[in-house]
Amino acid sequence: MHAPIPRLLAALIAGLGLVGAAQAQKAEVIHWWTSGGEAAAIKEFANAYTKAGGTWVDTPIAGGGGAQARTVMANRTMGGDAPTAAQYNYGKQYEEIIKEGLLNDLDDVAKKGNWDALLPEKIKNAVKVNGKYFAVPVNLHNENWVWFNKAVLAKAGAKEPTNLDEMFAAMDKVKAAGGGVVPLALGGQGWQEGITFRGVLLSVGGQDLYLKTFKDKDVSTPGFRKTVETYRKLKGYVDAGSPGRDWNLATGMVIEGKAAFQMMGDWAKGEFVNAGKTAGKEYGCFMAGGPKMAYAIGGDVFVFPKQKAADAAAAQRKLAEMMISPAMQVAFNNKKGSIPIRTDVDTSAMDVCAQAGVQAVKEGRLLQSDNELLSPDAKGAFEDAVSKFWNSDQSVDDAIKAMAAALKR
Ligand code: BGC
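Residues numbered from 1 in each chain as written. Predicted model: local features only at pLDDT ≥ 70, side-chain atom pairs only at ≥ 80, totals over all residues. Heavy atoms only, no water.

So what's going on with the sheet that holds strand 2 (residues 55-60)? Which residues, and what values?
In spatial order, the strands read 2-1-3-12-6; together these five strands make up an open sheet with mixed pairing. This sheet does not close on itself; its edge strands, each paired only once, are strand 2 and strand 6 (135-137). Looking at each pair of strands side by side, their axes are set apart by 25° on average, direction ignored. As paired strands, strand 1 (residues 26-31) and strand 3 (residues 85-89) are joined by two bridges and run parallel to one another. (Pairing = 2+ DSSP bridges. Helix = DSSP H or I, 4+ residues; strand = E, 2+ residues; numbered from the N terminus. Axes fitted to C-alpha atoms, helices over the stretch in contact; angles between N-to-C directions.)

Okay, structure coming up:
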């Protein structure tokens, strides 16, 4: 008997556009931030969005480095079931879905927010496709960091290193000290083996060798050969539990003093932060290529697929504006381990490792990364070749041949 009244009310509310507005606030976000530090960081986004009246629908897809999440995103978007937003890395990963015409561009949000003036030139180049913003950049990560446990090194009588050569010396001391401490905590998965390889590459030949390899696709240099040889040397410092290990478990080994070092992007710092540890106190860091090394542009963007519901674009704009807002850039990046993407926020309170990154940006020491230089296909093939070499006794010559072929794809 009372049924008609609610129906009438519903019709009235819909007529006033309130239902539309409420639906516009709903945002499903696909991402691969499932470790402790990562989850704490994305919560900053989710909480802010909720506070602003939105409904955050979280769709985390486990798998460090994001290959699994990107597959889900591609399948859903191509299959007509796109989320409101999805995470990618800088570079070419989302070019294909742009070509298919599946993404909304953010040029109006960027114009309103003055992104062109706020973002460092090289970051702009890494984000923009055909001169348009199809993604909001949320951080700057560098994958080529080395993390170490200070107490472990002190106990082994090892000097805290500032480059890879010194790290080898420190690992020898840790090995000699015994006690079951693993010198190098490596997560034996292709993408992590790839990060470790690129860290060695930068350490051996700096930015020139990096660009020679990934831009010119030339692996015939003595530096590249030395990289492959040095990479193999690292095997002598890794434990038997390495194969298949997730990156954050490897970080956990360093945090707990079960291992001395990890070579990993500064998302690892998010794990230290989440465990209540302070950079420079319990743990230290250095860039694999040394303190003056170019900062390989890494990190995350969110893209916004076209939606059937006409009002979904409002939720997407709201998300993008929130993610890049000054306050959020500080709160989010402090937890994530990365540094803010905009140059107009106060970074003076950030930790000593982040300061090295901030300094690199100030000095323009930013390097186009392999994600920007290689197609996803070539990058995958190269990492497969690196992984095969790492996990077998393949000769250096054969490995170099396989890596050359991968880059030609
Ligand atoms: C992303 C980071 C993430 C890491 C591990 C990288 O590709 O840029 O944000 O924490 O993968 O999952």
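Can you break down the site of the ligand residue by residue, with the values?
Close contacts around the ligand come from 14 residues, with W33, E38, N89, D300 and K336 the closest. Side-chain polar atom of N89 to an oxygen atom of the ligand: 3.0 Å apart, as the coordinates give it. Take K336: an N or O atom from its side chain is 2.8 Å from an oxygen atom of the ligand. Burial of the ligand by the protein amounts to 96% of the accessible area it has alone, namely 310 Å². Looking at the shell around the ligand residue by residue, the classes come out as five nonpolar, six polar and three charged. (Near = heavy atom within 4 Å. Polar contact = N/O pair within 3.5 Å; in protein donor to acceptor, adjacent residues only side chain to side chain. Areas by Shrake-Rupley, 256 points an atom, 1.4 Å probe, with all protein chains shown as cover. Nonpolar A, V, L, I, M, F, W, Y, C, P; charged D, E, K, R; others polar.)

An account of the state of the cysteines is needed here, citing residue identities and associated values.
Overall, the coordinates contain one disulfide when judged by the stated rule. The residue that forms a disulfide with C285 is C353, at a sulfur-sulfur distance of 2.2 Å. Measuring handedness by torsion sign, the sulfur bridge of C285 and C353 sits at about -115° and is left-handed. Here C285 is found in strand 10 (residues 283-287), whereas its partner C353 is found in helix 17 (residues 352-362), with 68 residues between them in sequence. Judged by its relative accessible area of 2%, C353 is buried. (Disulfide = S-S within 2.5 Å. Buried < 20%, exposed > 50% of the residue type's maximum accessible area, 1.4 Å probe, protein only.)

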